[in-house]
Amino acid sequence: MNILVTGSKGQLGSEFQKIQNEIPGFVFCFYDLPELDITDKNNLASLINRKNINVIINCAAYTAVDKAEDDKENAFKVNAVGAKILAEVAKESGALLVHISTDYVFNGTAHSPYKENQATQPLGVYGETKWQGEEAIRKVNPSHFILRTSWLYSTFGNNFVKTMQRLGIEKKNLNVIADQVGTPTYARDLAHAVISILSQADSKKHYAETYHFSNEGVCSWYDFADAIMEISKLGCAVNPIETHQYPTPAKRPAYSVLSKSKIKNDWGIVIPHWRKSLEACIQELE
C-alpha cells in the first residue's frame, strides 16, 4: 500500500514519519510545503499518479486559530479549497482519502460527548473553514474517512505541552483557563488509530465515514497544564481562571469532548486515557 502524507512536517505528519518503520506492507511518501501545495491540483495529481498512491492522509491544515480571524482567505484556501482538491484528485485516481478535522466544528454548548452526526456550528474562522473542507469532501465523495480530533500535542512541533514546560521553567506561577473542557490527544495515538483503520479497510469498498478520535477522559486546560507540571516535575503553580479573563481573537468551544463509540465499535480501536499518553509523551521529550 502506497501512502501519501501531506503536511508531513506538522505534529501528526511527523508522528507518521516516526512510526513508519513499525508498519510492514505500507510504503510512505512524505510531502509538505514548498515541495507540495495541496491547492495545486496539477502537481498533486501528477505526484499521486507517479508514485502510484493508494491512500492520501491529509495532515495539511491552517491551524493558527486566532490568526485565522484576520487571515480568512488563507485559512479558507488551505482548509476548504485544499480539502476539495484532495477529494477530487482522490476520486479521479481511486485513492482512499483520510482527512483530519477538528472539534472546533462544534459550538461547545453540549453537556455530553459530541457524536459524529450532531449538528455543527463553528464559532470562528478556523472551525468554519475546517467544516467547509469536510463538506467539500462529502460532496465530491471519494472513498474517505474524516477524523475529527481535539487538543492535539506531540513530541514534534509547537504545542500546549511544550509551551507549558517552557513556562514552567521560566515562571513561578501561571494562569490557565479552567472553564473550557475537552480531551488532549497525543498525535502518536491518532497516527496509530489511522494505521489500524487502514490495516483493516477493504481496498475494494467505498467508504464515506466521519469518526471522532481523542484520548479517553475529560479535563480542562487548567487540569491539563497542572498535569504537565506534575509529570514534568516542575515547581510552577497553576492557577485556574475563566475564559473572560484571557480574551482571544477567536472564540473557543467551552465543551468539546468527543464521543469515540463509533470508531471503537467499527474498528476495535483501544484508546488510552489522556494522562497515560501525556506521561508517555513527556517521558520521550525528556
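All of these numbers come straight from a predicted model, not from anything done at the bench. (Residues numbered from 1 in each chain as written. Predicted model: local features only at pLDDT ≥ 70, side-chain atom pairs only at ≥ 80, totals over all residues. Heavy atoms only, no water.)

1. Considering the packing of aromatic side chains
Thinking step 1. The full count for this structure, using the stated rule, is 18 aromatic pairs.
Thinking step 2. Look at Tyr104 and Tyr126: their rings are 5.6 Å apart centre to centre, the planes differ by 75 degrees, and that puts the pair in the edge-to-face class. Of this pair, Tyr104 sits in the loop between β4 (96-102) and α4 (125-140) while Tyr126 sits in helix α4, and the two are 22 residues apart along the sequence. Both residues of the pair, Tyr104 and Tyr126, belong to the buried class.
Thinking step 3. Through a chain of ring-to-ring contacts, three or more aromatic side chains come together here, namely Trp151, Tyr153, Phe160, Tyr186, Trp221, Phe224 and Trp274.
Thinking step 4. A cation sits over an aromatic face here: Lys262 above Tyr211, 4.9 Å from the ring centre. (Phe/Tyr/Trp six-rings, centres within 6.5 Å; stacked < 30°, edge-to-face > 60°. Helix = DSSP H or I, 4+ residues; strand = E, 2+ residues; numbered from the N terminus. Buried < 20%, exposed > 50% of the residue type's maximum accessible area, 1.4 Å probe, protein only. Lys NZ or Arg CZ within 6 Å of the ring centre and 35° of its normal.)

2. What to know about the packing of helix α5 (residues 160-170) against helix α7 (residues 221-231)
Thinking step 1. Between α5 and α7, the least distance of the axes is 9 Å, while the angle of their chain directions is 60 degrees. Viewed along their axes, α5 and α7 adopt a mutual orientation that is oblique. For the pair α5 and α7, the crossing hand works out as right-handed. Of the residues in α7, those touching α5 at Phe160, Val161, Met164, Gln165 and Gly168 are Trp221, Phe224, Ala225, Ile228 and Met229. (Axes fitted to C-alpha atoms, helices over the stretch in contact; angles between N-to-C directions. Parallel < 35°, antiparallel > 145°, perpendicular 65-115°, else oblique. Left-handed = near helix turned anticlockwise from the far one by under 90°. Contact = heavy atoms within 4.5 Å.)

3. Points about the side chain of Thr155
Thinking step 1. Along the chain, Thr155 falls in the loop between β6 (152-153) and α5.
Thinking step 2. On the basis of relative accessible area, Thr155 is assigned to the buried category, the value being 12%.
Thinking step 3. Apart from residues no more than four positions distant in its own chain, Thr155 is found in contact with Glu15, Lys162, Tyr186, Arg188, Cys281, Glu284 and Leu285.

4. Re the sheet that holds strand β10 (residues 208-212)
Thinking step 1. Across the sheet, six strands lie side by side as β2-β1-β3-β4-β5-β10; this open sheet has parallel pairing. Both edges of this open sheet fall to β2 (27-31) and β10, since each of them pairs with a single strand only. On average, each strand axis in the sheet is tilted by 20 degrees relative to the strand beside it, whichever way the strands run.
Thinking step 2. With four bridges joining them, strand β1 (residues 2-6) and strand β3 (residues 55-58) adopt parallel strand pairing. Bridge pairing links Leu4 to Ile56 in β3. (Pairing = 2+ DSSP bridges.)

5. Comments concerning the pairing of β3
Thinking step 1. Alternating positions in β3 separate into two faces, Val55 and Ile57 on one and Ile56 and Asn58 on the other, with burial throughout.
Thinking step 2. By the bridge criterion, four bridges tie β3 to β4 in an arrangement that is parallel. Bridge pairing in β4 places Asn58 opposite His99.
Thinking step 3. Considered for its hand, the β-α-β crossover made up of β3, helix α3 (residues 72-93) and β4 is right-handed. (Right-handed = clockwise from strand over helix to strand, strands pointing away.)

6. Here's the deal with the side chain of Ser277
Thinking step 1. Of note, Ser277 is situated in helix α9 (residues 274-285).
Thinking step 2. For Ser277, a relative accessible area of 4% gives the class buried.
Thinking step 3. The contacts of Ser277, once residues within four sequence positions are left out, are Tyr153, Tyr186, Asp189, Asn215 and Pro272.

7. Considering the nonpolar core
Generally speaking, a soluble globular protein has its nonpolar side chains buried in company with each other.
Thinking step 1. Among the nonpolar cores identified, the biggest contains 32 residues, and Phe16, Ile57, Phe145, Leu147, Leu198, Ile263 and Trp267 are the most heavily contacted of them.
Thinking step 2. Put simply, the parts of the chain that give this core at least two residues each are β1, α1 (11-19), β3, β4, β5 (144-149), α6 (187-200) and α8 (261-267).
Thinking step 3. With sequence-adjacent residues up to four places away left out, Leu198 is seen in contact with Met1, Ile3, Phe26, Val55, Ile57, Leu96 and Val98. (Core = buried A, V, L, I, M, F, W, Y, C linked by side-chain atoms within 4.5 Å.)

8. Some details on the pattern of salt bridges
Thinking step 1. Taken as a whole and assessed by the stated rule, the structure comprises 16 salt bridges.
Thinking step 2. Put simply, Glu216 and Lys260 hold a salt bridge, and the shortest N to O gap is 4.0 Å. Of the two residues, Glu216 is situated in the loop between β10 and β11 (219-220) and Lys260 in the loop between β12 (237-241) and α8; the sequence distance between them amounts to 44 residues.
Thinking step 3. The exposure class assigned to Glu216 is partly exposed, which follows from its relative accessible area of 22%.
Thinking step 4. With its nearest N and O atoms 3.0 Å apart, the salt bridge here joins Glu230 to Arg275. Of this pair, Glu230 sits in helix α7 while Arg275 sits in helix α9, and the two are 45 residues apart along the sequence.
Thinking step 5. Take Arg275: its relative accessible area is 26%, and that puts it in the partly exposed class. (Salt bridge = Lys/Arg side-chain N within 4 Å of Asp/Glu carboxyl O.)

9. What about the environment of Pro240?
Thinking step 1. In this fold, Pro240 is placed in strand β12.
Thinking step 2. Spatially, the C-alpha atoms of Pro240 and Ile85 are 43 Å apart, while their sequence positions differ by 155 residues.
Thinking step 3. Other than its neighbours up to four places away in sequence, Pro240 contacts Val176, Ala178 and Tyr222.

10. Some points on α7
Thinking step 1. Along α7, the residues classified as buried are Trp221, Phe224, Ala225, Ala227, Ile228, Met229 and Ile231.
Thinking step 2. Taken together, the buried residues of α7 touch β6, α5, β7 (173-177), β11, β12 and α9.
Thinking step 3. Looking one or two residues beyond α7, the residue adopting positive phi is Lys233, at roughly 60 degrees.

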